[in-house]
Amino acid sequence: MAEETIFSKIIRREIPSDIVYQDELVTAFRDISPRTPTHVLIVPNVLIQNVNDVLPEHEQALGRLFTVASKIARDEGIDEDGYRLIVNCNRHGGQEVYHIHMHLLGGRPLGPLLSD
Ligand code: DGP
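Read on for a plain summary of the structure. A quick note: this is a predicted structure, and the numbers were derived from the prediction, not measured.

Criteria and cut-off values
Residues numbered from 1 in each chain as written. Predicted model: local features only at pLDDT ≥ 70, side-chain atom pairs only at ≥ 80, totals over all residues. Heavy atoms only, no water. Helix = DSSP H or I, 4+ residues; strand = E, 2+ residues; numbered from the N terminus. Rg over C-alpha atoms; globule rule 2.2 N^0.38 Å. Contact = heavy atoms within 4.5 Å. Areas by Shrake-Rupley, 256 points an atom, 1.4 Å probe, with all protein chains shown as cover. Lys, Arg positive; Asp, Glu negative; His and termini not counted. Charge placed at Lys NZ, Arg CZ, Asp CG, Glu CD. Near = heavy atom within 4 Å. Polar contact = N/O pair within 3.5 Å; in protein donor to acceptor, adjacent residues only side chain to side chain. Salt bridge = Lys/Arg side-chain N within 4 Å of Asp/Glu carboxyl O. Buried < 20%, exposed > 50% of the residue type's maximum accessible area, 1.4 Å probe, protein only.

1. Thoughts on the overall build of the chain
1) Next: Broken down by element type, the chain carries 3 helices and 5 strands.
2) Next: Order of helices (α) and strands (β) in the chain, N terminus to C terminus: α-β-β-β-α-β-α-β.
3) Next: Here the chain has a C-alpha radius of gyration of 14 Å; the compact-globule value for 116 residues is 13 Å, and the two agree.
4) Next: The contacts of the chain with a sequence gap of at least 6 include a subset with a gap of at least 24, amounting to 55%.
5) Next: For the chain, the accessible surface area stands at approximately 7,300 Å², while carbon and sulfur atoms represent 51% of it.
6) Next: Across the chain, 11 positive and 17 negative side-chain charges occur, with their mean positions spaced 3 Å apart.

What follows is the structure in structure tokens.
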């Protein structure tokens, strides 16, 4: 059984966070250390540690991450200029929180995908 992270508490609204969207499948909230003017994390409400643990039964919730990313990008007014979606996995991917999440980053030009 995967261990819960701080994100489960955010999803259940047990600790404060800036939630911008929530439905029965996913929750989206502003990153605590934003790297760009818009930096939102979109997470499935169910705990999946990372991409290595994704199963066919998760497809609906994980598909919803994209639907909601598209909506938030529009709401934030960054859809036309563009933005970046990132999902980190494990150590080499730079994953810090082991509850799968999609970063929505935008609001300024982001440059090349990798800096080194
Ligand atoms: P990653 O490296 O992909 O696992 O990104 C984890 C992100 O989660 C990182 O950008 C900071 C953010 N984060 C960590 N703890 C919290 C928290 O308690 N609240 C919020 N809003 N964001 C958090």
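2. Considerations on the site of the ligand
1) Next: Around the ligand, the surrounding shell holds 15 residues, and the nearest of these are Asp31, Gly94, Glu96, His101 and His103.
2) Next: Contact between the ligand and Arg30: a nitrogen atom at 2.9 Å from a main-chain N or O atom of the residue.
3) Next: Backbone polar atom of Gly94 to an oxygen atom of the ligand: 2.8 Å apart, as the coordinates give it.
4) Next: A total of 520 Å² of accessible area belongs to the ligand in isolation, and the protein chains cover 84% of it.
5) Next: Looking at the shell around the ligand, the elements that each hand over two or more residues are α1 (6-11) and β2 (26-30).

3. What about the pattern of salt bridges?
1) Next: What the rule picks out here adds up to 7 salt bridges.
2) Next: Residue Arg30 pairs with Asp18 through a salt bridge whose shortest N-O separation is 3.4 Å. One end of the pair, Arg30, is in strand β2; the other, Asp18, is in the loop between α1 and β1 (19-22), and 12 residues separate them in sequence.
3) Next: On the basis of relative accessible area, Arg30 is assigned to the partly exposed category, the value being 30%.
4) Next: Of the residues examined, Asp18 reaches a relative accessible area of 41% and is grouped as partly exposed.
5) Next: For Asp75, the salt bridge goes to Lys71, with nearest N and O atoms at 2.8 Å. You can see Asp75 and its partner Lys71 sitting in helix α2 (residues 59-76), 4 residues apart, about one turn around the helix.
6) Next: Accessibility expressed as a relative area gives 30% for Lys71, which makes it partly exposed.
7) Next: Bridged by salt links that share partners, the residues Glu4, Arg12 and Glu14 form one connected network.

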